[in-house]
Amino acid sequence: MIVAAQNERQRAVSQRSAVDAVSRASSTLAAPLPPPLLRVADVSLEYRSDDRIVRATHQVGFDVYEADRFVLLGPSGCGKSTLLKAIAGFIAPVEGDISLAGAPIRGPGPDRIVVFQEFDQLPPWKTVLQNVAFPLIASRSLSRREATERARHYVEKVGLAKFASSYPHELSGGMKQRVAIARALAMQPRILLMDEPFAALDALTRRKMQEELLGLWEEARFTLLFVTHSIEEALILGNRIAVLSPHPGRLRAEFNSHEFDLGSIGSASFQQAVRRLHARLFEGEPTTGADAHSASQS
Ligand SMILES: Nc1ncnc2c1ncn2[C@@H]1O[C@H](COP(=O)(O)OP(=O)(O)OP(=O)(O)O)[C@@H](O)[C@H]1O
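Residues numbered from 1 in each chain as written. Predicted model: local features only at pLDDT ≥ 70, side-chain atom pairs only at ≥ 80, totals over all residues. Heavy atoms only, no water.

### As for the packing of helix α5 (residues 144–157) against helix α6 (residues 173–186)
1) Next: Relative orientation of the contacting elements α5 and α6 amounts to 135°, with a least axis distance of 9 Å. As summarised for this structure, α5 and α6 are arranged oblique, according to the angle between their axes. Relative to α6, α5 is oriented so that their crossing is right-handed. Residues R150, Y154 and V155 of α5 touch α6, and the partners they reach there are A182, L185 and A186.
2) Next: Looking at side-chain class alone, the contact of α5 with α6 contains five nonpolar, no polar and one charged residues. (Axes fitted to C-alpha atoms, helices over the stretch in contact; angles between N-to-C directions. Helix = DSSP H or I, 4+ residues; strand = E, 2+ residues; numbered from the N terminus. Parallel < 35°, antiparallel > 145°, perpendicular 65-115°, else oblique. Left-handed = near helix turned anticlockwise from the far one by under 90°. Contact = heavy atoms within 4.5 Å. Nonpolar A, V, L, I, M, F, W, Y, C, P; charged D, E, K, R; others polar.)

Below, the structure written as structure tokens:
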């Protein structure tokens, strides 16, 4: 039943976003959807200093539904990380609203956990298990024993049971990211926010981590908001993709991509989707074969 309901909802979401924003505007066929979990409504974000204002995003809006794997895709500097920080509650919009389950976001909270790209997110003096258990203990939502049990469960989930007593400096980059993912999932946030978490990994490890993340999602169906500038990664990991324009980021289009996974790479439809996304990303710019290559592989 859950899967059927999920499929039904996926179909409804597909109807709504199988398309970019252009055709979405003209569609009147979309089935009624449940309210979104996350609503980003016309959000503009800025960095202000004494002598200048940098506008990072301009009136960006999108909805993320329960169990979505929603990807923010855009070129470097278009404001993806800034948007994620705003959703996490670290930055307030200068215009527009962000709400989670209908409540405005006013600051950071345990319902939104971020996994960053950097490998130094883990306190080096704590073991893998302690790293995963620490936020659970600090939030006082569980007793120390319960927190350790839950942490052990997630450490196993990411395949690090044998390394539970290891320290971060004894782990590879991919293993450190697994710990960060376990730590985030253990908090059971309403939405998991990931900011290019695999970008600093080698290509093989990155592929493995994408596979593992999809495996974890298949099991737990958490809601994911994932930032990347890789078209290929967006198609593999996302069921919906929002394409942002270059600086300052504006929403250019929204694509439905739930039909793709790691097995789709190389198929004609996958390549066609890469080309469509590439065209949207580089709209209005002179295009070269090198651009296409770097955007889809990097
Ligand atoms: N702390 C800051 N102070 C001032 N400007 C900033 C700050 N952080 C980011 N910016 C600017 O805001 C804009 C958006 O930056 P942001 O890091 O969100 O982009 P991004 O899409 O995540 O880029 P990348 O993919 O390279 O990480 C850029 O023009 C950047 O220079």
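Alright, that's what it looks like, and here's the rest.
### Brief notes about the side chain of K176
1) Next: Inspection of the secondary structure assignment puts K176 in helix α6.
2) Next: Here K176 sits buried without a salt bridge, and the closest side chain of opposite charge, D120, lies 8.6 Å off (N-O distance).
3) Next: The contact partners of K176, leaving out residues within four places of it in the chain, are F119, L122, P168 and L171. (Buried < 20%, exposed > 50% of the residue type's maximum accessible area, 1.4 Å probe, protein only. Lys, Arg positive; Asp, Glu negative; His and termini not counted. Salt bridge = Lys/Arg side-chain N within 4 Å of Asp/Glu carboxyl O.)

### Focus: the environment of D202
1) Next: Looking at the element boundaries, D202 is found in the loop between β7 (191–195) and α7 (203–220).
2) Next: Engagement of the side chain of D202 in a polar contact is seen with the backbone nitrogen of L204, the distance being 3.2 Å. (Polar contact = N/O pair within 3.5 Å; in protein donor to acceptor, adjacent residues only side chain to side chain.)

### Considering the packing of helix α4 (residues 128–138) against α6
1) Next: The N-to-C vectors of α4 and α6 enclose an angle of 30°; their axes lie 8 Å apart at closest approach. Here α4 lies roughly parallel to α6, going by the angle between them. The element α4 and its partner α6 pack so that their crossing is right-handed. Residues V128, N131, V132, P135 and L136 of α4 form the contact with α6, whose participating residues are V179, A182, R183 and A186.
2) Next: Its residues assigned to classes, the contact of α4 with α6 shows seven nonpolar, one polar and one charged.

### Section: the nonpolar core
1) Next: In this structure, L73, I181, L235 and I241 are the most contacted members of the largest nonpolar core, which totals 56 residues.
2) Next: Setting aside residues no more than four positions away along its own chain, I241 makes contact with V71, L73, A234, L235, A253, E254, F255, S257 and L277.
3) Next: Counting 27 residues, the second largest nonpolar core, distinct from the first, contains F62, L83, L100 and I191. (Core = buried A, V, L, I, M, F, W, Y, C linked by side-chain atoms within 4.5 Å.)

### Remarks on the site of the ligand
1) Next: Surveying the vicinity of the ligand reveals 13 residues, the closest of which are S76, G77, K80, S81 and T82.
2) Next: Within the backbone of G79, a nitrogen or oxygen atom sits 3.0 Å from an oxygen atom of the ligand.
3) Next: Interatomic distance of 2.5 Å between a side-chain N/O atom of T82 and an oxygen atom of the ligand.
4) Next: Compared with its free state, where it exposes 640 Å², the ligand has 62% of that area covered by protein.
5) Next: Those elements giving two or more residues to the shell around the ligand turn out to be β2 (53–64) and α3 (80–88).
6) Next: Of the residues forming the shell around the ligand, the biggest block, three residues, is contributed by α3.
7) Next: Of the residues that constitute the shell around the ligand, the class distribution is five nonpolar, six polar and two charged. (Near = heavy atom within 4 Å. Areas by Shrake-Rupley, 256 points an atom, 1.4 Å probe, with all protein chains shown as cover.)

### Focus on the packing of aromatic side chains
For any two aromatic rings, the description comes down to two numbers: the centre-to-centre distance and the angle of the planes.
1) Next: Overall, the coordinates contain three aromatic pairs when judged by the stated rule.
2) Next: A ring pair is formed by F62 and F70, whose centres lie 4.9 Å apart and whose planes are at 20°; its orientation type is stacked.
3) Next: In this structure F62 comes out as buried when scored by relative accessible area, which is 3%.
4) Next: A relative accessible area of 0% places F70 in the buried class. (Phe/Tyr/Trp six-rings, centres within 6.5 Å; stacked < 30°, edge-to-face > 60°.)

### Looking at the sheet that holds strand β5 (residues 103–104)
1) Next: Strands sit in the order β2-β1-β4-β5 across an open sheet of four strands; the sheet is antiparallel. Two strands lie at the open edges of the sheet, namely β2 and β5, each paired on one side alone.
2) Next: Strand direction decides the pairing type here: strand β1 (residues 38–48) and strand β4 (residues 95–100), joined by five bridges, are antiparallel. Each bridged residue has a counterpart across the sheet, and for V40 the counterpart in β4 is I98.
3) Next: The sheet contacts of α3 involve β1, β2 and β4, and relative to β1 the element is tilted by about 115°. (Pairing = 2+ DSSP bridges.)

### Structural notes on the environment of L214
1) Next: Along the chain, L214 falls in helix α7.
2) Next: What makes L214 buried here is its relative accessible area of 14%.
3) Next: The spacing of L214 and L237 is 23 residues in sequence and 6.9 Å in space, taken between C-alpha atoms.
4) Next: Once you skip the residues sitting within four places of it in the chain, L214 turns out to touch R69, I236 and L237.

### Remarks on the confidence of the model for the protein
Detailed reading of the predicted coordinates is not advisable wherever pLDDT falls low.
1) Next: Per-residue confidence for the protein gives a mean pLDDT of 87; residues scoring 70 or more make up 85%.
2) Next: Across residues 1–27 the pLDDT falls below 50, and counting only partners more than four positions away or on other chains, this stretch makes 48 contacts in the model.
3) Next: Across residues 287–298, where pLDDT falls below 50, the model places 17 contacts with residues more than four positions away in sequence or in other chains. (pLDDT = per-residue confidence, 0-100.)

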